[in-house]
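# Topology and contacts: notes
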Amino acid sequence: MTVKFRNQAVLIVLGLLLGFTNLQAQKLATGPQVLTFFSDADDTEQPYGLYLPKNFDENKKYPLVIMLHGAGSNHRLDLRRVFGKSNAEDETDKEATRYFPQWEDVDFIVAAPFARGTAGYQGIPEEDVYDVLDDVKKRFKIDENKTYLTGLSMGGGGTLWLGLTRPDIWAAIAPVCPAPPNGTFDLAANALNFPIHFFHGDADPVVPVADTRKWVQHLQDIGVEVSYKEFVDVKHDSWVSAYDNEFIFEWFGHAERNPFPDRVKFVSKQYKYNKAFWVQFDKMNLGTLAEIDANLNKPNAATITTKNLSAFTVNLKGHPRFNAASNVTFSIDGKALSAKVDSSVSFVKNNNVWAVATNPIATGLVKKKGAEGPIYEAFSTPHIYVYGTADNPSPEELKKRVDAATQAANWSYYRGEFVGRIMFFPRTLSDKNVRPSDIEHGNLILFGTKETNSLIAKYADRLPVHLNAADKSHGLFYIFPVDKHYVAVSSGLPWWTGADNKDAAFISPVHRRLPEFKDLFFFKDSSTNVIVDGNFSEDWKVTDEMKTKLSNSGAITITK
């Protein structure tokens, strides 16, 4: 009996080992397919299209192309498009989505994010693109000096936005009939260290070709390496010609990122995007476009000019023109400085004179990376929507509060067949059901006042303003940093009160204006009747101009 039992045990162990070995031996198929990554923005699995070369070798480093789809499209269609595979004759996008046709092999890995559908490429979709990039790099060996970005229409605009806000990631970018978000054109100087190839049809009725011509001319004027192909009598579907015969892979194949360029030009309005190559912005003049032109023109000697910048850091570790054994000389806006640098050194401007920083920059409650606003930043990373129950509301009042928070959280409402839904599903909770892990994990969108919402009450002494509980005619909406995250407080009338249904087929009135708001938005009766739409000061205080208007309303208590 003992021998039989032992034999059975050995067989079981061998079976488990064999099964484990088989699992270890399982590999992804080559060719086109769909993978997922886990998104902590709403705790969901998010898909992306992936192409692995036919003779994929797990020990080899591969170039990577990130492909961004346009409006009304998806990751599966996008994977076809970049390989030049349009729909078959009389085939709809829905039908083409269901299968991958055969195409010629390329020695690239290609990833096409779904990025929540038709939602642009800022905020959560932007985070999704970088999550896809990270997921691919975890799974496969990627040559980080051969990572490329392309996209069409909305995705062409996303290509410009992602490429220019984080220019040290990409070896080259290729926007096709791009429709970039507002503010992208201001960042054109950031393209100094990679080539750009534009494509557009001269008969495009959706995205004017004049916009791309303006981009190309401006980039040429400022010395960026730019190519442009304009297709005669082609309408909005210029991607058919742009990606024909897998041309884009041939063009990308000639570009390689230099991780240590001698010269870095970088501009930004946000601390969120504060770094490029070996320069980092530490303190920018509020509300302006900060600029730097840094040139390591000789070994251990840098010439730097700045604008709207009062503190920055250079990190020369690994740069071939840097020798840690010797001092580095800097000329910053004409001021000569010298410093012994192990790898990085920071500079600060006091009374309009640059000096080597001896103390930490941006300490305490000041605007900095992760604590800068505006309101949309609370919605751009993981967040939840919280309604108040602290005052034991009646069933009718409770339903009203639940409905408002649920409406704000409903990003996935149906917008019609073409653009469909934004596939983002944040949670809506009562204040009493918010767990410590929720607070630690992300931002809080808080509805109510300190009298009705226990979380607003919890932070009441730290928050700068409060709407009086008895007020029924005003709406107060603002963002404020608390610990490592943001809270966005919506008191009184919700921020979309009175908004029209303009463009509702693309984005709801609830969410349309979120990217436009500054730090604080205050109105009476309707969101079209604005009293204050402004930013807090550098140290997160109510400015004098805002204070006057808020106080005169008779509806606001100012705490700081």
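Residues numbered from 1 in each chain as written. Predicted model: local features only at pLDDT ≥ 70, side-chain atom pairs only at ≥ 80, totals over all residues. Heavy atoms only, no water.

## A look at the packing of helix 4 (residues 124–139) against helix 5 (residues 154–165)
- Look at helix 4 against helix 5: their axes get within 12 Å of each other, and the N-to-C directions meet at 70°. With respect to their mutual orientation, helix 4 and helix 5 come out roughly perpendicular. Both helix 4 and helix 5 take part in a crossing whose hand is right-handed. In this structure, helix 4 uses Glu126, Val129 and Tyr130 to contact helix 5, whose residues at the interface are Trp161, Leu162 and Thr165.
- For the contact of helix 4 with helix 5, the per-class residue count stands at 4 nonpolar, 1 polar and 1 charged. (Axes fitted to C-alpha atoms, helices over the stretch in contact; angles between N-to-C directions. Helix = DSSP H or I, 4+ residues; strand = E, 2+ residues; numbered from the N terminus. Parallel < 35°, antiparallel > 145°, perpendicular 65-115°, else oblique. Left-handed = near helix turned anticlockwise from the far one by under 90°. Contact = heavy atoms within 4.5 Å. Nonpolar A, V, L, I, M, F, W, Y, C, P; charged D, E, K, R; others polar.)

## Re the pattern of salt bridges
- Applying the stated criterion to the full structure yields 25 salt bridges.
- Across the salt bridge formed by aspartate 483 and arginine 462, the nearest N and O atoms sit 2.9 Å from each other. Taken together, the residues span a long stretch of sequence, with aspartate 483 in the loop between strand 23 (474–482) and strand 24 (485–492) and arginine 462 in the loop between helix 11 (454–458) and strand 22 (465–467) at a distance of 21 residues.
- Exposure remark for aspartate 483: the relative accessible area of 61% places this residue in the exposed category.
- With a relative accessible area of 35%, arginine 462 lands in the partly exposed category.
- In this structure, a network of salt bridges that share partners links the residues Asp42, Arg116 and Asp128. (Salt bridge = Lys/Arg side-chain N within 4 Å of Asp/Glu carboxyl O. Buried < 20%, exposed > 50% of the residue type's maximum accessible area, 1.4 Å probe, protein only.)

## Some points on the environment of tyrosine 387
- With respect to the helices and strands, tyrosine 387 occurs in strand 19 (residues 383–387).
- Overall, tyrosine 387 belongs to the buried group, its relative accessible area being 14%.
- Dropping the residues within four chain positions of it, tyrosine 387 is found in contact with Leu398, Arg401, Val402, Ala405, Thr428, Leu429, Ser430, Asp431, Phe447 and Asn453.

## Observations regarding the sheet that holds strand 12 (residues 290–298)
- The strand order across the open sheet built from 5 strands is 9-12-13-15-16, with neighbouring strands paired in mixed fashion. Sheet topology places strand 9 (263–268) and strand 16 (335–339) at the edges, where each strand pairs with a single neighbour. On average, each strand axis in the sheet is tilted by 20° relative to the strand beside it, whichever way the strands run.
- In terms of strand pairing, strand 13 (residues 301–307) meets strand 15 (residues 328–332) through 4 bridges, oriented parallel. Opposite alanine 301, over in strand 15, you have threonine 329 as the bridge partner. (Pairing = 2+ DSSP bridges.)

## A few points about unusual backbone geometry
- For the bond from glycine 373 to proline 374, the omega torsion is -5°, close enough to zero to count as cis.
- Following the sequence through the fold, proline 374 ends up in the loop between strand 18 (353–356) and strand 19.
- Of note, the phi angle at asparagine 300 is positive, near 55°, even though the residue is not glycine.
- Within the secondary structure layout, asparagine 300 lies in the loop between strand 12 and strand 13.
- Asparagine 300 sits in the buried class, given a relative accessible area of 8%.
- Positive phi outside glycine occurs at asparagine 392, with the angle close to 50°.
- By secondary structure assignment, the location of asparagine 392 is in the loop between strand 19 and helix 9 (395–409).

## Topic: the sheet that holds strand 2 (residues 44–52)
- The strand order across the open sheet built from 8 strands is 1-2-4-3-5-6-7-8, with neighbouring strands paired in mixed fashion. Whereas interior strands pair on both sides, the edge strands pair on one side only; in this sheet they are strand 1 (31–39) and strand 8 (226–231). If you compare each strand with its neighbour and ignore which way they point, the axes differ by 20° on average.
- Pairing geometry for strand 7 (residues 196–201) and strand 8, over 6 bridges, is parallel. Residue pairing for strand 8: phenylalanine 199 is matched across the bridge by lysine 229.
- Packing against the sheet, helix 5 makes contact with strand 3 (62–68), strand 5 (142–152), strand 6 (172–176) and strand 7, and its axis sits at approximately 140° to strand 5.

## Observations concerning the confidence of the model for the protein
- In the predicted model, the protein carries a mean pLDDT of 94, and 95% of its residues have values of at least 70.
- Scored below 50 in pLDDT, residues 10–14 shows 0 contacts in the model against residues more than four places distant or in partner chains.
- Confidence over residues 16–25 falls short of pLDDT 50; this stretch has 0 contacts with residues more than four positions distant or in other chains. (pLDDT = per-residue confidence, 0-100.)

## Points about the packing of aromatic side chains
- Evaluated as defined, the whole model comprises 35 aromatic pairs.
- Each ring, one from phenylalanine 480 and one from phenylalanine 536, has its centre 6.1 Å from the other, and the planes form 90°; the classification is edge-to-face. Of the two residues, phenylalanine 480 is situated in strand 23 and phenylalanine 536 in the loop between strand 26 (530–534) and helix 13 (544–552); the sequence distance between them amounts to 56 residues. Comparing phenylalanine 480 with phenylalanine 536, the two get one shared label, buried.
- For the pair phenylalanine 521 and phenylalanine 523, a centre-to-centre distance of 5.5 Å together with 40° between the ring planes defines the contact as tilted. For the pair shown, phenylalanine 521 and phenylalanine 523 are each scored as buried.
- Members of the aromatic cluster, joined through ring pairs, are Tyr51, Phe83, Phe100, Trp103, Phe108, Tyr148, Phe249, Trp251 and Phe252.
- Positioned above the aromatic ring of tyrosine 99 is the side chain of arginine 80, whose terminal nitrogen or guanidinium carbon lies 4.9 Å from the ring centre.
- Across the ring face of tyrosine 130, the terminal group of arginine 166 is positioned such that the distance to the ring centre comes to 4.1 Å. (Phe/Tyr/Trp six-rings, centres within 6.5 Å; stacked < 30°, edge-to-face > 60°. Lys NZ or Arg CZ within 6 Å of the ring centre and 35° of its normal.)

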